[in-house]
Amino acid sequence: MAINYRSFGFQVLVGMAVGLALGLLARSMGSGPDGDLNWLATALKTTGSIFVSLLKAVVPPLVFAAIVASIANLRALDNAARLAGQTLLWFAITALIAVVIGLAIGLIIQPGSGLHGQALATAKPDSVGGWLDFLKGLIPGNSFALSASTKITDTGATTSLSFNILQLLVVSIAIGLATLKVGEKAEPFLAFVRSLLAVVRAILGWIIRLTPIGSAALIGSAVATYGWSALAQLGSFAGAVYLGLALVLLVVYPLLLITNGLSPLPFFAKAWPAIQLGFVSRSSVGTLPVTETVTERIGVERGYAAFAIPLASTTKMDGCASIYPALAAIFVAGFYGIPLHAADYALIAFVSVVGSAATAGLTGAVVMLTLTLSTLGLPLEGAGLLLAIDPILDMGRTAVNVAGQVLVATIVAKREGILDEATYQGKADPAVA
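Going by an unreviewed UniProt entry, the protein carries the name Sodium:dicarboxylate symporter and comes from Sphingobium chlorophenolicum L-1. Checking UniProt for the protein, the heading Subcellular location (unreviewed entry) contains the comment "Cell membrane".

Undergrad: Account for the packing of aromatic side chains, with residues named and values stated.
TA: In this structure the tally under the stated criterion is three aromatic pairs. Both rings, one in Phe 237 and one in Tyr 324, keep their centres 6.0 Å apart while their planes meet at 65 degrees; by these two values the pair is edge-to-face. Of the two residues, Phe 237 sits in helix α10 (residues 234-259) while Tyr 324 sits in helix α14 (residues 319-335), which places them 87 residues apart along the sequence. The interplanar angle of 50 degrees and the centroid separation of 5.1 Å between the aromatic rings of Phe 237 and Phe 331 together place this pair among those described as tilted. Of this pair, Phe 237 sits in helix α10 while Phe 331 sits in helix α14, and the two are 94 residues apart along the sequence. Residue Phe 237 shares its accessibility class with Phe 331, and that shared class is buried. Taken together, the ring pairs connect Phe 237, Tyr 324 and Phe 331 into an aromatic cluster. Over the ring of Tyr 324 we find Arg 397, and its NZ or CZ is 4.2 Å from the ring centre.

Undergrad: Residues and numbers for the packing of helix α4 (residues 80-109) against α10, please.
TA: Between α4 and α10, the least distance of the axes is 10 Å, while the angle of their chain directions is 140 degrees. Classified by the angle their axes make, α4 and α10 are oblique. Crossing angle aside, the handedness with which α4 passes α10 is right-handed. Contacts between α4 and α10 involve Trp 90, Thr 94, Ile 97, Ala 98, Ile 101, Ile 105 and Ile 109 from the first element and Ala 240, Leu 243, Gly 244, Leu 247, Val 248, Val 252 and Leu 256 from the second.

Undergrad: Can you explain the UniProt feature "transmembrane region" (unreviewed entry) in the protein? Please cite residues and give values.
TA: Within the UniProt annotation, "transmembrane region" (unreviewed entry) is assigned to residues 12-30, 50-76, 88-109, 161-182, 213-232, 239-258, 321-338 and 345-371. Helix makes up 89% of residues 12-30 and strand 0%, with an end-to-end C-alpha separation of 27 Å. Span residues 321-338 is 83% helix and 0% strand, its end C-alpha atoms 22 Å apart.

Undergrad: For the packing of α14 against helix α15 (residues 342-354), give the residues involved together with the corresponding values.
TA: The description of two helices packed together rests on the angle between their axes and the distance between the axes. Running from amino to carboxyl end, α14 crosses α15 at an angle of 150 degrees, the nearest separation of the two axes being 9 Å. It follows from the interaxial angle that α14 and α15 lie roughly antiparallel. Between α14 and α15 lies a crossing whose hand is right-handed. The segment α14 lies against α15, with Ala 321, Ser 322, Pro 325, Ala 326, Ala 329 and Ile 330 engaging Tyr 345, Ile 348 and Ser 352.

Undergrad: So what about the pattern of salt bridges? Which residues, and what values?
TA: Counted by the stated rule, this structure contains two salt bridges. The closest approach of N and O atoms between Glu 421 and Lys 414, which form a salt bridge, is 3.8 Å. Given a relative accessible area of 40%, Glu 421 falls into the partly exposed group.

Undergrad: How would you summarise α4 if you had to cite specific residues and measurements?
TA: In this model, α4 (30 residues) spans 43 Å end to end at C-alpha, consistent with the 44 Å of a helix rising 1.5 Å per residue. Of the residues one or two after α4, Gln 110 is the one with positive phi, at around 50 degrees.

Undergrad: Please give an account of the environment of Pro 212 that cites residues and values.
TA: Note on placement: Pro 212 falls in helix α8 (residues 211-226). Accessibility expressed as a relative area gives 12% for Pro 212, which makes it buried. C-alpha separation for the pair Pro 212 and Met 16, spaced 196 residues apart in sequence, amounts to 7.1 Å.

Undergrad: With reference to specific residues and values, describe α15.
TA: With 13 residues, α15 should reach 18 Å at 1.5 Å per residue; the first-to-last C-alpha distance of 18 Å fits that figure. Here α15 has its buried residues at Asp 344, Tyr 345, Leu 347, Ile 348, Ala 349, Val 351 and Ser 352.

What counts, and at which threshold
- Residues numbered from 1 in each chain as written.
- Predicted model: local features only at pLDDT ≥ 70, side-chain atom pairs only at ≥ 80, totals over all residues.
- Heavy atoms only, no water.
- UniProt positions renumbered as here; feature names shortened; annotations may be inferred.
- Phe/Tyr/Trp six-rings, centres within 6.5 Å; stacked < 30°, edge-to-face > 60°.
- Helix = DSSP H or I, 4+ residues; strand = E, 2+ residues; numbered from the N terminus.
- Buried < 20%, exposed > 50% of the residue type's maximum accessible area, 1.4 Å probe, protein only.
- Lys NZ or Arg CZ within 6 Å of the ring centre and 35° of its normal.
- Axes fitted to C-alpha atoms, helices over the stretch in contact; angles between N-to-C directions.
- Parallel < 35°, antiparallel > 145°, perpendicular 65-115°, else oblique.
- Left-handed = near helix turned anticlockwise from the far one by under 90°.
- Contact = heavy atoms within 4.5 Å.
- Salt bridge = Lys/Arg side-chain N within 4 Å of Asp/Glu carboxyl O.
- Expected span 1.5 Å × (residues − 1).

So this is what it looks like as structure tokens:
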């Protein structure tokens, strides 16, 4: 089988290999003349920082538009209140189960521990955010969820503005609900929001195309700073993530189907095309047409599938928003030698369930990872280490995301009496356009 050298996945793999080589070279060059980073390590660090900054720049409009548009889609259903409530409830139930599994695996395996006593001791942050600070931070100080921070140095004071993502989530939910209340008068605004979402996704697509360069810089900077021995621990992290994904996909989901009176075999047989495409494409949104088609073929009523699957493609992320951030937070905390307590684990679970819409169904889980780390007060530099193997992890995460999206629609349809069980069992097959 010939290798497609122009494929995005191949380019990312090449970027990772180049980054590893450059990082090892930079580390072998030693420190600069003043004891700081040498020119190559500085270049890698700067390039990686620029890439992460570009990703962070599109987070606010992406979160706002995705959440408002998803809530506004409720208006298209006749029985919107009950079906939407059940759908969101099962989103939360499955997300909570997934994040608990992620936390349990992280606490047992401790994938990031044992490294903070080496080169990372000087990078340990001064403090970790607490539960009360998080609750206070949920209340927006202004309509734009902007916060200001002032840094005082010997040369003067500088003030910078930034978006508080959690406050932006609250503002977006409130605005989305307000559009439902206003009704037809909100249509011009919703048209703008949907256009904004399309534009932001296009911009994010351009940034994602820079991933090979960003990955090379991030892994190169990590190797140059920490050394290869520290990065070897990423192998245990990847194994922990895939273990959690396997438990959710092959144990939790079948048990939920059986609990609701459904056999798992017909579900996986019919959902497999969407799960497989999600694994390859690494995009829930890109898989959306196939996901909706297989959901109808399972026997879910078409009108409900047309609402539930598009909503799920932006808000239902058991892999990206539940298992992964839980394990990533534990990894980064262990990597930097920062202890986490019961309140922190509860915080991870809460953010994972509430903030899953921030992933917006796109490739990667950088948004959710950044949200979780920043909420806990953990160093965002830890995300740079995990980005190096993110494409490998994202394939499994997206497959679980897509499976969970079909699962929730199927369970809700069964409980609400709009699932054709003859079709589910394979005794009939609806005509699907």
